[in-house]
Amino acid sequence: MPLLDVRDLRVEFPTRHGVLTALHDVSFSVDKGERLGIVGESGAGKSVAAFAILNLLSRPGRITGGRILFEDRDLATLSRADMRAIRGDRISMIFQDPMMTLNPVLTIGTQMVETLKAHRDISDAEARRIAIQRLGEVKIPSPEKRMASYPHELSGGMRQRVVIAIALLTEPALIIADEPTTALDVTIQAEIMSLMLDLCRTHGVGLILITHDLAVVSQVTQRVVVLYAGRVVESGQTARVVQNPVHPYTRGLLSALPGEGEPGARLNQIRGSMPPLTAIPPGCAFHPRCDYAEERCRVGVPPLDVIEDHNVRCTRARELIRGVAA
Amino acid sequence: MAFVAFLIKRLLQAVLVMFVISLIGFSIQDNLGDPLRELVGQSVSEAQREAMRDELGLNDPFLVQYGRFLGKAVQGDLGRSYFFKRPVLDVIGDKFPATADLVLGATLIIVLVSVPLGCWCAIRPRHWLSRIAMGASIIGISIPVFLTAIFLIYLFSVNLGWLASFGRGEHLVEIAPGWTTGFLTLDGLSHLILPSIALSSIMMPLFIRLIRSEMMEILEQDYIKFAWAKGLAARRVWFLHAFKNTLLPVITVGGVQIGTMLAYTILTESVFQWPGLGFMFIEAVTRVDTPLIIGYIIVVGLIFVVTNTVVDLIYTMVNPTVRLMGAAR
Ligand SMILES: Nc1ncnc2c1ncn2[C@@H]1O[C@H](COP(=O)(O)OP(=O)(O)OP(=O)(O)O)[C@@H](O)[C@H]1O
Ligand SMILES: [Mg+2]
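Because the structure is predicted, anything quoted here is derived from the model rather than measured. (Residues numbered from 1 in each chain as written. Chains lettered and ligands numbered in written order. Predicted model: local features only at pLDDT ≥ 70, side-chain atom pairs only at ≥ 80, totals over all residues. Heavy atoms only, no water.)

Chemist: Report on the overall build of chain B, specifying residues and quantitative values.
Modeler: A count of helical and extended segments in chain B gives 13 helices and two strands. Here the C-alpha coordinates of chain B stretch approximately 85 × 60 × 35 Å along the principal axes. Taken over 329 residues, chain B has a buried fraction of 41%. A separation of at least 24 residues holds for 70% of the contacts in chain B among residues at least 6 apart in sequence. (Helix = DSSP H or I, 4+ residues; strand = E, 2+ residues; numbered from the N terminus. Buried < 20%, exposed > 50% of the residue type's maximum accessible area, 1.4 Å probe, protein only. Contact = heavy atoms within 4.5 Å.)

Chemist: Break down the site of ligand 1 for me, with residues and values.
Modeler: Residues and elements named next belong to chain A. Taken together, 16 residues lie around ligand 1, and Ser 42, Gly 43, Lys 46, Ser 47 and Val 48 are the ones closest in. Gly 43 places a main-chain nitrogen or oxygen 2.8 Å from an oxygen atom of ligand 1. The side chain of Glu 179 places a nitrogen or oxygen atom 2.9 Å from an oxygen atom of ligand 1. The dominant element in the shell around ligand 1, judged by the number of residues it contributes, is helix H1 (residues 46-53), at three residues. Residues that form the shell around ligand 1 fall into these classes: six nonpolar, six polar and four charged. (Near = heavy atom within 4 Å. Polar contact = N/O pair within 3.5 Å; in protein donor to acceptor, adjacent residues only side chain to side chain. Nonpolar A, V, L, I, M, F, W, Y, C, P; charged D, E, K, R; others polar.)

Chemist: Kindly report on the packing of aromatic side chains, identifying the contributing residues and their values.
Modeler: Residue and element names in this part refer to chain A. Evaluation of the coordinates by the stated rule reveals 14 aromatic pairs over all chains. Between Tyr 228 and Phe 286, the ring centres sit 5.2 Å apart and the planes meet at 85°, which makes this aromatic pair edge-to-face. Taken as a pair, Tyr 228 in strand E9 (residues 223-228) and Phe 286 in the loop between helix H11 (248-255) and strand E11 (305-307) lie far apart in primary sequence, 58 residues in all. The class for Tyr 228 is buried, based on a relative accessible area of 2%. (Phe/Tyr/Trp six-rings, centres within 6.5 Å; stacked < 30°, edge-to-face > 60°.)

Chemist: Outline a nonpolar patch on the surface, supporting the account with residue identities and numerical values.
Modeler: All names here are of chain B. A surface patch of nonpolar side chains, about 560 Å² in accessible area, is lined by Ile 138, Ile 139, Ile 143, Phe 146, Leu 147 and Ile 150. If you list the elements that add at least two residues to the nonpolar patch, you get helix H6 (128-142) and helix H7 (145-159). With respect to the helices and strands, Phe 146 occurs in helix H7. Note on Phe 146: relative accessible area 40%, which makes it partly exposed. (Patch = residues over 30% accessible without salt bridge, like charges linked within 9 Å, V, L, I, M, F, W, Y side chains within 5 Å. Areas by Shrake-Rupley, 256 points an atom, 1.4 Å probe, with all protein chains shown as cover. Salt bridge = Lys/Arg side-chain N within 4 Å of Asp/Glu carboxyl O.)

Chemist: Now, about the layout of surface pockets: what can you tell me, with residues and values included?
Modeler: Estimates place the volume of the largest pocket at around 1,300 Å³. Of all the secondary structure elements, the ones that give two or more residues to the lining of the largest pocket are strand E4 (62-70) and helix H2 (80-86) of chain A together with helix H5 (88-123), helix H8 (186-219), helix H9 (222-229) and helix H10 (234-272) of chain B. Of the residues belonging to the lining of the largest pocket, the class tally is 19 nonpolar, five polar and 11 charged. (1 Å grid on protein atoms, 1.4 Å probe; cavity = no way out; pocket = protein on both sides within 12 Å on 5 of 7 lines; lining within 4 Å. Points joined across faces, edges and corners; volume = space filled by probe spheres on them.)

Chemist: Give me the sheet that holds strand E5 (residues 73-74) of chain A: which residues, what numbers.
Modeler: Residue and element names in this part refer to chain A. Pairing within the open sheet is antiparallel, and its four strands lie in the order E2-E1-E4-E5. Here the strands that pair on one side only, and so sit at the sheet edges, are strand E2 (18-30) and E5. Along the sheet, H1 contacts strand E1 (4-15), E2 and E4; its crossing angle with E1, the most-contacted strand, is approximately 110°. (Pairing = 2+ DSSP bridges. Axes fitted to C-alpha atoms, helices over the stretch in contact; angles between N-to-C directions.)

Chemist: Account for the pattern of salt bridges, naming residues and giving values.
Modeler: Residues and elements named next belong to chain A. On inspection of all chains with the given rule, the structure shows 26 salt bridges over all chains. A salt bridge links Arg 10 to Glu 12, with the nearest nitrogen and oxygen atoms 3.5 Å apart. On the accessibility criterion, Arg 10 (25% relative accessible area) is partly exposed. We classify Glu 12 as buried; its relative accessible area is 14%. Between Glu 295 and Arg 298 there is a salt bridge whose closest N-O contact spans 3.4 Å. The class of Arg 298 is partly exposed, set by a relative accessible area of 36%. One salt-bridge network, held together by shared partners, links Glu 294, Arg 296, Arg 316 and Glu 319.

Chemist: Before we move on, could you go through the sheet that holds strand E12 (residues 310-312) of chain A and cite the residues and values that matter?
Modeler: Residues and elements named next belong to chain A. Spatially, the eight strands line up as an open sheet ordered E6-E7-E8-E3-E9-E10-E12-E11, and their pairing is mixed. Sheet topology places strand E6 (91-94) and E11 at the edges, where each strand pairs with a single neighbour. Sheet twist, expressed as the mean angle between neighbouring strand axes with direction ignored, is 20°. For E6 and strand E7 (residues 174-178), the ladder comprises four bridges, and the chain directions are parallel. When the sheet's bridge partners are listed, Ser 92 is paired in E7 with Ile 175. Strand contacts of helix H8 (residues 186-203): strand E3 (35-39), E6, E7 and strand E8 (206-211), with the helix running at about 160° to E8, the strand carrying the most contacts.

Chemist: Tell me about H6 of chain B, residues and numbers included.
Modeler: Taking 1.5 Å of rise per residue, the 15 residues of H6 of chain B would be expected to cover 21 Å, and the 22 Å separating its terminal C-alpha atoms lies within 8% of that figure. In this structure, the buried side of H6 of chain B is in contact with H5 and H8 of chain B. (Expected span 1.5 Å × (residues − 1).)

Chemist: Can you explain the nonpolar core? Please cite residues and give values.
Modeler: Generally speaking, nonpolar side chains in soluble globular proteins are found buried as a group. Ranked by internal contacts, the top residues of the largest apolar core, which has 100 residues, are Leu 4, Phe 28 and Ile 208 of chain A. Here this core spans two domains, since at least three of its residues come from each of domain 1 (4-90 + 170-322) and domain 2 (107-169) of chain A. Excluding residues within four positions of it along the chain, Leu 4 of chain A makes contact with Phe 28, Ser 29, Val 30, Ile 53, Ile 68, Leu 69, Phe 70, Leu 174 and Ile 208 of chain A. Residues Met 134, Met 203, Ile 294 and Ile 298 of chain B belong to the second largest nonpolar core, which totals 40 residues. (Core = buried A, V, L, I, M, F, W, Y, C linked by side-chain atoms within 4.5 Å. Domains from an automatic or database assignment.)

Chemist: How would you summarise the interface of chain A and chain B if you had to cite specific residues and measurements?
Modeler: Listed by partner, the interface residues are 29 residues for chain A and 22 residues for chain B. Taken together, both faces of the contact between chain A and chain B bury some 2,300 Å²; the carbon and sulfur share is 63%. Interface area lost by chain A to chain B is led by Val 105, Glu 114 and His 152 of chain A, which between them contribute 25%. Linking chain A with chain B are two salt bridges, by the criterion used here. The salt bridge partner of Arg 236 of chain B is Glu 114 of chain A, with a shortest N-O separation of 2.6 Å. Of all the elements, helix H4 (residues 108-119) of chain A adds the most residues to the side of chain A that touches chain B, at six residues. The class makeup of the residues in the side of chain A that touches chain B is 16 nonpolar, nine polar and four charged. (Buried area = accessible area lost by both parts, 1.4 Å probe.)

This is the structure in structure tokens:
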């Protein structure tokens, strides 16, 4: 029984230009204490998936299909009050840009204490004690003093530590981190990432790590989902997907990583870019960019099939693994 | 320290603006009629007039005269009203409490109505109440204040006979020497209500729209989404996280608008024959009571500058990020 089991999740945005489907029947699951990576280019639907889990889609987005089973309950159909009780308590979230995540007019202490008090029947003093302890865990110097600070008094890295501390306050079962280091200075990205991982391990927290970076995913996650234009194109155990990628898109992402191929060679970028939701081509959404596309790739969306040891959505998957496709 | 530097800078700016206002006021005096005509009759000969001009310093260069005017002004001497035959500041001081009552009444109404309604419109933009409020505010913005006033008088005073339509009433309470208010008696209040509503109606649509649009923008921010993701109650997200951020821009614009409201008291006070500064000003204009006109401009200018400065200082104290920018400057 997984901790979180997302089945055939569908998210739509009704707009003036018609209904945009941001997620098509997306499925994945996270076991207790497990780490799952969601990768894909900008606009693939990664953040939409994250917010759908917490029922926090921005207007006019809504879940129009599927189930989000978490600790035996379907989050998609939960009442407002029940959902509120889960947010920030059982499932926490870490946002991309720490400069925008903390409220500029409230102190760090206020923003931490309120989170605890929203979920626990405890005194202010007790909430403060826990908050200070968490600030210490994320290695913020003189945590007691920081409680009275406003966000702007802290650097980006420090703010993201505060956000991580907030995410851990209530000892959640799952943390969803949406590109938690993308907005940070390159020099501290690795540091923040490893801090987050350490804490997830010591607290036994499950993690959904959303990122563009397959290298990070291969280092820290046990499972991975590759999203393209709102669909899962490849998913499974991270080691298997990374060592044995089948979908040309996943292969493209992997070969674009530094360190792959000949040293010093130009990185292989996938040509073109992902189409916006308003202009998804018929058939396999990836075919206009695919080196292996054939006539039949243009008609009918290929199903997500189990190929050898993981799931792949590609009409030519079997030819590709045999290496006969050109 | 940074705050003190900011304070000094802001006060210097205020002094500069007052300087400009006094210059404008003084130029009016220079151009508006001959003061001698008001002081002496037709029978005085031209030679005698010239002698008096010399004596009064009216033949001195502009800058010398202006310097003298300024010197007296900072000591609280703005000359004497031709009509009332009393010092200008005394006349203004007599009229000021009435206007203060009116502006306070209008401000209270604006705050009490626009804050909850503006927030509601932002939180529930599709709700029928929000649609009505938005529609009404478009209409409200384009109705001139005297029409609102006449409609109010017609309905509540003439037709229903509930509220008084002119003056401040008989029963005022003196809260300080020479300072009366109508807020503390039923009679006073019944006189205050209609003019306050009329005056508030000018700014109300603006405030509702301002609060709504600011709050809607804030509600889209990441930190609000994060507040939801923390599982906070809706009340806390709206009225602490969002509202506290909405307040900052609203204080800035709002403070300035309250200053502007003083200018609108001229219309409101005329319609309701409210014995305040605005009514006094209209009368001073018809009587070409130049010292009183100038006195009004300078006093209203001063109030305007003071409110703006105070608003800026409050803004700086409420907003932690501005404080930092002050330090960086
Ligand atoms: N409020 C909205 N209204 C309409 N469409 C939206 C809205 N939010 C997201 N979308 C659509 O959903 C798609 C996926 O967006 P999402 O934010 O999940 O991308 P992402 O994979 O997180 O990209 P990034 O790496 O840039 O964060 C976008 O292409 C966009 O068209
Ligand atoms: Mg995103």
